[in-house]
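# Survey of secondary and tertiary structure
The residues making up each chain are set out below.
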Amino acid sequence: MPKIIIANWKMKLSVEESLRLASKLNVGLVKSHRQVIVCPDFVSLPLIAASGFSDNFSLGAQDCAIKNNGALTGEVSSSTLKEVGATYVILGHSERRQLQKEDDVTINEKVLAALEAGLKVILCVGESAKEKAAKETKKVILKQLKGALKNVSLKKSPKGAEVLIAYEPIWAIGSGEAMAAEGAAEIAAYIIKEGEKLLSKRPQVLYGGSVDVKNAALFLKQKSISGLLVGGLSLEAEGFLSIC
Ligand code: PEP
């Protein structure tokens, strides 16, 4: 199975910059043997989809609403995201947990809405520096998994439903301080074990947090790590393509 590389562009690029970067990836990914998923902002996503991006990558959104229809001013539903070209959606990213105060109940509603609409889910979990210091990493992750995946069974979901799990230690995101690959592999194996119980299917687990051109290969070498979720490195074509 090819390893998966996810680009999370966050809110870092203008529409013009997003289209330019997508077009460079279109060319650069032709020879890639990875599965690449690019997650632009809501506005750029349909424009990239319409600009004829190649089969070499899929598009993902960075969030979705808790329902697929309703009086939710300012929100964007999974069904609309699918309609305009998204295949995946990132949910539970630590920036949304922290800044938008999203809790596991909200994330669970979003996971259910996304799967119902036919989007594949990229669920982010991970501990803070304080929780790491208190040796609570596994406890925190288990709570996040149980909360976000409540009533989610891939056996009962529509055909093709998928939940990828990104292990992203919060202290490693954007800090330039990636986790040691062996440590990340151990946590990934734990997530596979617990995720399988909840999903009735063995999930693929990715690592995210200060991945760079030097350390990417160390993570990709690990058996329990199926790929990478990349923030900073994904904003620049040359570096990103070098890991794809
Ligand atoms: C992220 O935003 O999920 C992330 C992993 O960012 P970075 O690669 O910049 O640490």
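Above: the structure in question.
Residues numbered from 1 in each chain as written. Predicted model: local features only at pLDDT ≥ 70, side-chain atom pairs only at ≥ 80, totals over all residues. Heavy atoms only, no water.

What follows covers the pairing of strand 6 (residues 163–167). Burial analysis of strand 6 places five of its five residues in the buried class, which makes it a mostly covered element. Burial of strand 6 is two-sided: the residues V163, I165 and Y167 facing one way and the residues L164 and A166 facing the other way are all buried. Here strand 5 (residues 120–125) runs beside strand 6; their pairing, made up of five bridges, is parallel. Of the residues in strand 6, the one forming a bridge with V125 is Y167. Crossover handedness for the path strand 6 to helix 8 (residues 181–199) to strand 7 (residues 205–208): right-handed. (Buried < 20%, exposed > 50% of the residue type's maximum accessible area, 1.4 Å probe, protein only. Helix = DSSP H or I, 4+ residues; strand = E, 2+ residues; numbered from the N terminus. Pairing = 2+ DSSP bridges. Right-handed = clockwise from strand over helix to strand, strands pointing away.)

In this section: the packing of aromatic side chains. Any pair of aromatic rings gets described here by the distance separating the centres and the angle formed by the planes. As enumerated under the stated definition, the model contains two aromatic pairs in all. A ring pair is formed by Y167 and Y207, whose centres lie 6.4 Å apart and whose planes are at 65 degrees; its orientation type is edge-to-face. With Y167 in strand 6 and Y207 in strand 7, the pair connects residues that are 40 residues apart, well separated along the chain. Residue class for Y207 comes out buried when judged on its relative accessible area of 1%. Judged by centre distance (4.1 Å) and plane angle (5 degrees), the ring pair of Y207 and F219 falls under stacked. Of the two residues, Y207 is situated in strand 7 and F219 in helix 9 (residues 216–220); the sequence distance between them amounts to 12 residues. With respect to class, Y207 is no different from F219; both count as buried. (Phe/Tyr/Trp six-rings, centres within 6.5 Å; stacked < 30°, edge-to-face > 60°.)

Take the site of the ligand next. Near the ligand there are 14 residues, and of these K10, H93, E168, G174 and S210 occur at the shortest range. S210 places a main-chain nitrogen or oxygen 2.8 Å from an oxygen atom of the ligand. Summarising the interface, the protein chains cover 94% of the accessible area of the ligand, which totals 290 Å² for the free molecule. Considered class by class, the residues forming the shell around the ligand number four nonpolar, eight polar and two charged. (Near = heavy atom within 4 Å. Polar contact = N/O pair within 3.5 Å; in protein donor to acceptor, adjacent residues only side chain to side chain. Areas by Shrake-Rupley, 256 points an atom, 1.4 Å probe, with all protein chains shown as cover. Nonpolar A, V, L, I, M, F, W, Y, C, P; charged D, E, K, R; others polar.)

As a further point, take the sheet that holds strand 8 (residues 227–230). Spatial strand order, 1-2-3-4-5-6-7-8: eight strands in a closed barrel with parallel pairing. When the angles between neighbouring strand axes are averaged without regard to direction, this sheet yields 25 degrees. Both strand 2 (residues 35–39) and strand 3 (residues 57–61) contribute to a ladder of three bridges, which runs parallel. Its bridge partner lying in strand 3, V36 is registered against F57. Against the sheet, helix 8 contacts strand 5, strand 6 and strand 7, and its axis sits at roughly 150 degrees relative to strand 6. (Axes fitted to C-alpha atoms, helices over the stretch in contact; angles between N-to-C directions. Contact = heavy atoms within 4.5 Å.)

To continue, consider the layout of surface pockets. Of the voids in this model, the largest pocket is the one considered here, and its volume is about 490 Å³. If you trace the largest pocket, you find 19 residues lining it, with K10, M11, Q62, R96 and Q100 closest to the centre. Broken down by element, the lining of the largest pocket gets its largest block of residues, three residues, from helix 4 (residues 94–99). When the residues that make up the lining of the largest pocket are grouped by side-chain class, the tally is eight nonpolar, five polar and six charged. Here the second largest pocket defines a volume of roughly 230 Å³. If you trace the second largest pocket, you find 13 residues lining it, with R97, E131, V140, K143 and Q144 closest to the centre. At the level of elements, helix 4 and helix 7 (137–148) are the ones that each hand at least two residues to the lining of the second largest pocket. Split by residue class, the lining of the second largest pocket holds two nonpolar, five polar and six charged. (1 Å grid on protein atoms, 1.4 Å probe; cavity = no way out; pocket = protein on both sides within 12 Å on 5 of 7 lines; lining within 4 Å. Points joined across faces, edges and corners; volume = space filled by probe spheres on them.)

All right, on to the nonpolar core then. By size, the foremost hydrophobic cluster in this structure holds 63 residues, and its most contacted members are Y207 and L228. The greatest single-element share of this core, amounting to eight residues, is contributed by helix 8. Among residues more than four places away in sequence, those in contact with L228 are I4, I5, I6, L206, Y207, V211, A216, F219, L220 and I243. If you look at the next biggest cluster of nonpolar residues, it comprises 12 residues, including I37, Y88, A166 and L206. (Core = buried A, V, L, I, M, F, W, Y, C linked by side-chain atoms within 4.5 Å.)

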